[in-house]
Amino acid sequence: MAIRSFLILFILFFFSSLNPILSLYEDQVGLVDWHQQYLGKVKQAVFHTHKTGRKRVVVSTEENVVALLDLRQGEIFWRHVLGSNDVIDGIDIALGKYVITLSSGGSILRAWNLPDGQMVWESSLRGPKHSKSLLLVPTNLKIEKDNIVIIFSNGRLNAVSCIDGEVLWEKDFEGESLEVQQVIQPPGSNLIYVVGFASSSLFEMYQINALNGELLKHESAAFSGGFLGEVSPVFSETVVALDSTGLILLTVSFQNGMISFQQTPISNLVKDSFGPAKIIPSSVTGIFAIKMNAVTIVIRVTDENKLEVVEKTNHETSISDALPVSEGQQAFALVQRAGPEIHLRVKLAHNWDDNLLKESVKMDQHRGLVHKIYINNYIRTDKSYGFRALIVMEDHSLLLLQQGEIVWSREDGLASIIDVTTSELPVERDGVSVAKVEHNLFEWLKGHMLKLKGTLMLASPQDIAAIQSMRLKNSEKSKMTRDHNGFRKLLIVLTRAGKLFALHTGDGHIVWSYLLQSLQKSKVCQHPIGLNLYKWQVPHHHAMDENPSVLVIGKCGPSSDAPGALSFVDTYTGKELSSLSLVHSVAQVIPLPYTDSTEQRLHLLIDADKHAHLYPKTPEAISIFERELSNIYWYSVEDDNGIIKGHALRGKCTGEVADEVCFDTRELWSIVFPSESEKIIATVTRKLNEVVHTQAKVIADQEVMYKYISRNLLFVATVALKGSGEIGSVTPEESWLVAYLIDTVTGRILHRVTHHGSQGPVHAVFSENWVVYHYFNLKAHRYEMSVIEIYDQSRADNKDVWKLVLGKHNLTSPISLYSRPDVITKSQSYFFTHSVKTIAVTSTTKGITSKQLLIGTIGDQVLALDKRFLDPRRTVNPTQAEKEEGIIPLTDSLPIIPQSYVTHALRVEGLRGIITVPAKLESTTLVFAHGVDLFFTQLAPSRTYDSLTDDFNYALLLITIVALVAAISLTWTLSERKELQENWR
Amino acid sequence: MKWVKVIVSFILTLSFLSFPSCAFQSDELLVDDEEFGLEGAPQHRSPEPIPTRSPPVTSPTRKRHSDLDSDSKIQFSLDHAFGDSDFSPAGTFSARLKTWSHGGQTLTKLRFSRNSFSDVEKEKFKNLLESDDFYRIRLPSNVLSPPGRDFIISSVKARCLPRESLDEHFVIHMEGVNVLAVNYGSPGSCPYPRNLKLPAKWSFSSHTVLKNREQAPRAPVFTEEILGGENAEGEVLQPAERSFWAKYWMYLIPLGLIVMNAITQAMNMPEEQATGLVPAQGQPSAGAVQRGPSSAVRRR
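Residues numbered from 1 in each chain as written. Chains lettered and ligands numbered in written order. Predicted model: local features only at pLDDT ≥ 70, side-chain atom pairs only at ≥ 80, totals over all residues. Heavy atoms only, no water.

Time to look at the interface of chain B and chain A. Taken together, the contacts link 67 residues of chain B with 71 residues of chain A. In total, about 5900 Å² of surface goes out of reach between chain B and chain A, with carbon and sulfur atoms giving 55% of it. For the pair chain B and chain A, the number of links is 4 salt bridges. One salt bridge in this structure joins Asp 84 of chain B and Arg 650 of chain A, with 3.2 Å as the shortest N-O distance. For the pair chain B and chain A, the interface holds 20 residue pairs in polar contact (both at pLDDT 80 or more). Every element with two or more residues in the side of chain B that touches chain A is listed here: strand 5 (134–140), strand 6 (151–157), strand 7 (166–175), strand 8 (178–185), strand 10 (214–215), helix 4 (244–272) and helix 5 (288–299) of chain B. For the side of chain B that touches chain A, a count of residues per class yields 33 nonpolar, 19 polar and 15 charged. Here strand 55 (residues 749–756) of chain A runs beside strand 10 of chain B; their pairing, made up of 2 bridges, is parallel. Across the sheet, Val 753 of chain A pairs through a bridge with Glu 214 of chain B, a residue of strand 10 of chain B. (Contact = heavy atoms within 4.5 Å. Buried area = accessible area lost by both parts, 1.4 Å probe. Salt bridge = Lys/Arg side-chain N within 4 Å of Asp/Glu carboxyl O. Polar contact = N/O pair within 3.5 Å; in protein donor to acceptor, adjacent residues only side chain to side chain. Helix = DSSP H or I, 4+ residues; strand = E, 2+ residues; numbered from the N terminus. Nonpolar A, V, L, I, M, F, W, Y, C, P; charged D, E, K, R; others polar. Pairing = 2+ DSSP bridges.)

Printed below as a string of structure tokens:
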């Protein structure tokens, strides 16, 4: 009886705990997800110098972010991401309370309220022609009590009121070939000088009244030698320029409207010339710098316009802008890197010989050189001037230096991720240092007692806070070893700066970072570009004693035949194992499904001349490869040409490049899209490592359909040439979109379908036997998403159980793509409200769990949409059997359920990519979204059916059992006693 | 077989002489876009080439009608290559070019005449079969002005072709007068591993299919009325009427167990009379079910 009651209790308890969870609860935020905010490489910084705001700095970055940072901690007060087509040209602070930004090629001027980042006003500026954009905020220039901002953009000079953004006056500079270089406003005067070059040998100077835009004077003077590059203003009425050969320095002064040139050959200043020079513009009075190859020369201009070299150095030097310190005095900073240290010097502009400040700061080698420096002063406790410097390093990180120390640093390189891959963590064993994680039993019990209190609603607010912090700080999740469920991994990311970071999936902290030497600017390689990351070695058999490694592929310069560079990096330690600079270019990288005995994956690099190069270059790899030579096919897409070609390998290279690992290729097939009617805008393939659990799909009436699962399917979307512009630029009749499914081995077009009146951009995702793509329907004025599912009919007659039992089926016979395919496709289109930035799909270890589409919306959020909504078999009135199968009644548009945003309340600003990685636990997939921000979370598309949740209360279970056992023994004794009494009666 | 020969010779004469197509003028509307042409008959003509041979073959022999919706004849050649050899002519496609009133042009009535292999070519093909190499074909990408932008290439492992004769299957994807792609291969399966098999007859039996683009199904557009009935778009599956058992099985099973227990108890009780189990106080509510009968027994 007691056992029975226990059973019932248990059943009740069990069912009460099966509370289905559709989305996240408030207190679950941050348990498995993390979010990091970044800015990108800072290109301009302005310190807020007003008394109340001395602790703030405004920055603009190459990711088009304008942000206000806290100088004490480096935290973001506010931030605006302007978007990729709204490039910031300049920022400044006006009136001490507005941040002024000039963006979009000088056509949009905005003012933001400094304390809270609200936009105050916005003006759009137009002009007659494209030109340099310059922003100038004069300190005390007023038109009728209005502070003004001077903007030169698009060939027009504007004076804009600070208060409301109204244009007070404008002046066009329409000279045919006039290139305005500088706009100078001598402090304390009402004049503006606009200087520039016309027809490459004419120096032009315009003097303008700042109050009304009236042209006061226009002078021009010819210089036969021509001009090169930029000018640097040295005094308010003197600039320095270079002649067209880059060998002669010109000091141009235009005092009182008289233009005079003074030539100084660089060879007169320095003995040994190093080739053509380049001016590094600076705003410091009387000082400028030139750079010749790797040599930086700092030159001072004396009052008589004489030039004298004050410093010549081989080190990369950065010079800050001028900082006014006391009346008429300017300070500036120079910073250089020397070995493990950086040297910072602050000097006064007119006094080169003395340093106001000289500091050496120890700096991590993996931050590279100093790219930019901004200085700011403060008053020390002893009433003297102190200086702090904000520096931007080669890896795009931002640091604040003060008193010879790094006060804070921000890893803003992470805002520009190029590629992501993952790596397992080390296996747990004695040698591996496991961070102090293990609790003692008491702690554990205490934690669970707290949780129990929470469950039974007995907890006080302090207890609830304690429970929440305990859950968030769960040290289990940031351990540096592999876990049973495969939730803990390393995310290896490659940034645009050429730096590799390893992020821990538990809490997002940086485990290691490494600045790749092969992707740094050097003499042989002026513009290195990182391309991709691949898993090079993933040890399974030797997981205990070998570390996994990744392959980083880069190339020198943007041209297609630029030589490539490879690096191999250990993912546990972050050390570079080796690096190779290649003689050939890298057009395509194909990871092959073969590994050698050390579990290094074979990679095939295709160069621009269509030769294939095999890596690793070992005899073993070559022998493995040659065995499979006839089964390797690849394809190339020439989007600008509209041609897709298929290739196979032929044999060793012949001709001048006789190399053991070089193979010739030949063209097998080609598809030529008519250039006048179709243009390739998207190509998508399946993920190489995707696992498909079952080939067969049982549909409602017990029929079986076989999925056409091929790794060699390519989805191609083309649009009409006219329709390749922006949405709405053509009429629906002129525009169409064609979707293709192409077999990349034989070049067969398996499916081809036209959407009339539709237009790109197309975002697509390919998984298993289906592809989903998103485009714009001009006729319906809405975005649409279509699905194509492809099924294999050649296996369709394998339905008979007896055939299967007797083995008379063709399910195990090898498939050859040379057989004529017998496929059917099913497709359906649905309207979708949002425009989309990127689409991804969840992936799990075994592929059993149902799939969700992860849609990066225009609002920089990630929306999870069940694949079931994009089922081509949805009908208006599904039958009972179809309903049981899970077919949703047909609707014309896809639902957007607010609870299914995986980013919940957060935004991944500037979202660029979504990566999904399977965890070891089948139900769970790890999702990493990156843009300017990073976001990571775990998703369970079909709920966590294979594990108890993290916050499962073991203590409650234990206590229940104990209580039940106690109750059983109690009732037992009681009943015994009663029985005895009854017997005695 | 005789009639096939007749047709072949008819077509050939037609194409050779660019005979005005007065004999047979199809006014058929292009309803389905697939045209089958079966040319199996061995051509026992001299293997010497047809007049139009060089790669930028056949200037289309068209007769221009001044009015709209006109038809004209067109020819384009198929070239082939053995392994990595150069391409050489292998046959001729002839078709009818239909010009629509809206300006579009499409091909209909595609016919194909295949040149039979010369002895040299047979030898080359045998070599291909032995080395399991590729047999490659190509078509111009524009049938009006061959070769157009580029040639369309397709290839197949030579061992896929031989059966009784050499069986081949073309699927030509067209976009107006442009050839987008050609899928070439055997008409059936080509099992792997491919075994070396020489054809019994050195003649081709060719199947050609012409494919034009298809329209995608439109997104369903619902009227308000239907939408209203659908109970808002976000709603997942209306809860279907389930049977009583499907709804309450989880309660019914424990209940059944309890009832069964109670019955066995009740059966045992009369025998044991007063010695039956007496439920204790404070027992969980679930015990109440049996308490009724047992206490009733006791009171008796």
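Glancing now at the side chain of Thr 495 of chain A. In this structure, Thr 495 of chain A sits in strand 37 (residues 489–495). Dropping the residues within four chain positions of it, Thr 495 of chain A is found in contact with Gly 413, Leu 414, Ser 416, Ile 417, Ile 418 and Phe 501 of chain A.

Summed over all chains, the structure comprises 3 disulfides over all chains. Shown here is the disulfide that connects Cys 653 of chain A with Cys 662 of chain A, its sulfur atoms set 1.7 Å apart. Linking Cys 653 of chain A and Cys 662 of chain A, the disulfide has an S-S dihedral of approximately -50 degrees and is accordingly described as left-handed. Residue classification places Cys 662 of chain A among the buried residues on the basis of a relative accessible area of 0%. Each sulfur of the disulfide joining Cys 160 of chain B and Cys 190 of chain B lies 2.0 Å from the other. What sets the handedness of the Cys 160 of chain B and Cys 190 of chain B disulfide is the S-S torsion sign, and at about -70 degrees it is left-handed. A residue pair is termed long-range when its members are at least 10 positions apart, and Cys 160 of chain B in the loop between strand 6 and strand 7 and Cys 190 of chain B in the loop between strand 8 and strand 9 (204–211) qualify at 30 residues. Like Cys 190 of chain B, Cys 160 of chain B is buried. If one numbers only the bonded cysteines of chain A, in the order they occur, the disulfide pattern is 1-2, 3-4. (Disulfide = S-S within 2.5 Å. Buried < 20%, exposed > 50% of the residue type's maximum accessible area, 1.4 Å probe, protein only.)

Before going further, it helps to spend a moment on the domain arrangement of chain A. Residues and elements named next belong to chain A. Each assigned domain of chain A is listed with its residue range as follows: domain 1 (315–410), domain 2 (414–425 + 480–584), domain 3 (587–672) and domain 4 (680–832). Here the C-alpha centre of domain 2 lies 32 Å away from the C-alpha centre of domain 1. Tallying the contact residues gives 6 residues for domain 1 and 7 residues for domain 2. Taken over both partners, the interface formed by domain 1 and domain 2 buries close to 590 Å², and the fraction arising from carbon and sulfur atoms is 54%. On the domain 1 side of the interface with domain 2, the three residues burying the most area are His 366, Glu 394 and Asp 395, jointly 74% of the side's total. (Domains from an automatic or database assignment.)

Moving on, we get to a nonpolar patch on the surface. Judged by side-chain polarity, Leu 441, Trp 444, Leu 445, Leu 948 and Tyr 954 of chain A come together as a nonpolar surface patch covering roughly 520 Å² of accessible area. Turning to its location among the elements, Leu 948 of chain A is positioned in the loop between strand 65 (934–939) and helix 8 (954–984). (Patch = residues over 30% accessible without salt bridge, like charges linked within 9 Å, V, L, I, M, F, W, Y side chains within 5 Å. Areas by Shrake-Rupley, 256 points an atom, 1.4 Å probe, with all protein chains shown as cover.)

Residue and element names in this part refer to chain A. Residue position: Lys 499 is located in strand 38 (residues 499–504). On the basis of relative accessible area, Lys 499 is assigned to the buried category, the value being 0%. Apart from the residues within four sequence positions on either side, Lys 499 is in contact with His 366, Arg 367, Asp 395, Glu 411, Val 493, Leu 494, Ser 513, Tyr 514 and Leu 515.

Residue and element names in this part refer to chain A. Cis rather than trans, the peptide bond between Tyr 615 and Pro 616 has omega equal to 0 degrees. By the secondary structure assignment, Pro 616 is in the loop between strand 46 (612–615) and helix 5 (619–627). With an omega dihedral of 0 degrees, the bond running from Gly 760 to Pro 761 counts as a cis peptide bond. Position of Pro 761 among the secondary structure elements: in strand 56 (residues 758–767). One non-glycine residue with positive phi stands out, namely Gln 403, at about 50 degrees. For Gln 403, a relative accessible area of 55% gives the class exposed. Here the phi dihedral of Lys 610 falls at roughly 65 degrees; this positive angle occurs in a residue that is not glycine. Counting through the fold element by element, Lys 610 comes out in the loop between strand 45 (601–606) and strand 46. A relative accessible area of 28% places Lys 610 in the partly exposed class.

Residues and elements named next belong to chain B. If you trace the 5 strands from one edge of the open sheet to the other, you get 4-3-2-5-6, paired in antiparallel fashion. Looking along the sheet, the strands with just one partner apiece sit at the ends: strand 4 (105–114) and strand 6. Ignoring strand direction, the axes of neighbouring strands in this sheet form an average angle of 25 degrees. Here strand 5 runs beside strand 6; their pairing, made up of 7 bridges, is antiparallel. Looking at the pairing, Leu 139 lines up with Ile 152 of strand 6. Packed onto the sheet, helix 2 (residues 119–131) meets strand 2 (71–82), strand 3 (88–99) and strand 5 and runs at close to 60 degrees relative to strand 2. (Axes fitted to C-alpha atoms, helices over the stretch in contact; angles between N-to-C directions.)

Residues and elements named next belong to chain A. Overall, antiparallel pairing links the 4 strands, which are arranged 19-20-21-22 in an open sheet. Of all strands in the sheet, those bounded by a partner on one side alone are strand 19 (227–235) and strand 22 (260–265). Strand-to-strand twist across the sheet, computed as the mean angle between neighbouring axes with direction ignored, equals 25 degrees. The pairing of strand 19 with strand 20 (residues 238–243) spans 5 bridges and is classified as antiparallel. By the bridge assignment for strand 20, Ser 232 is matched with Val 240.

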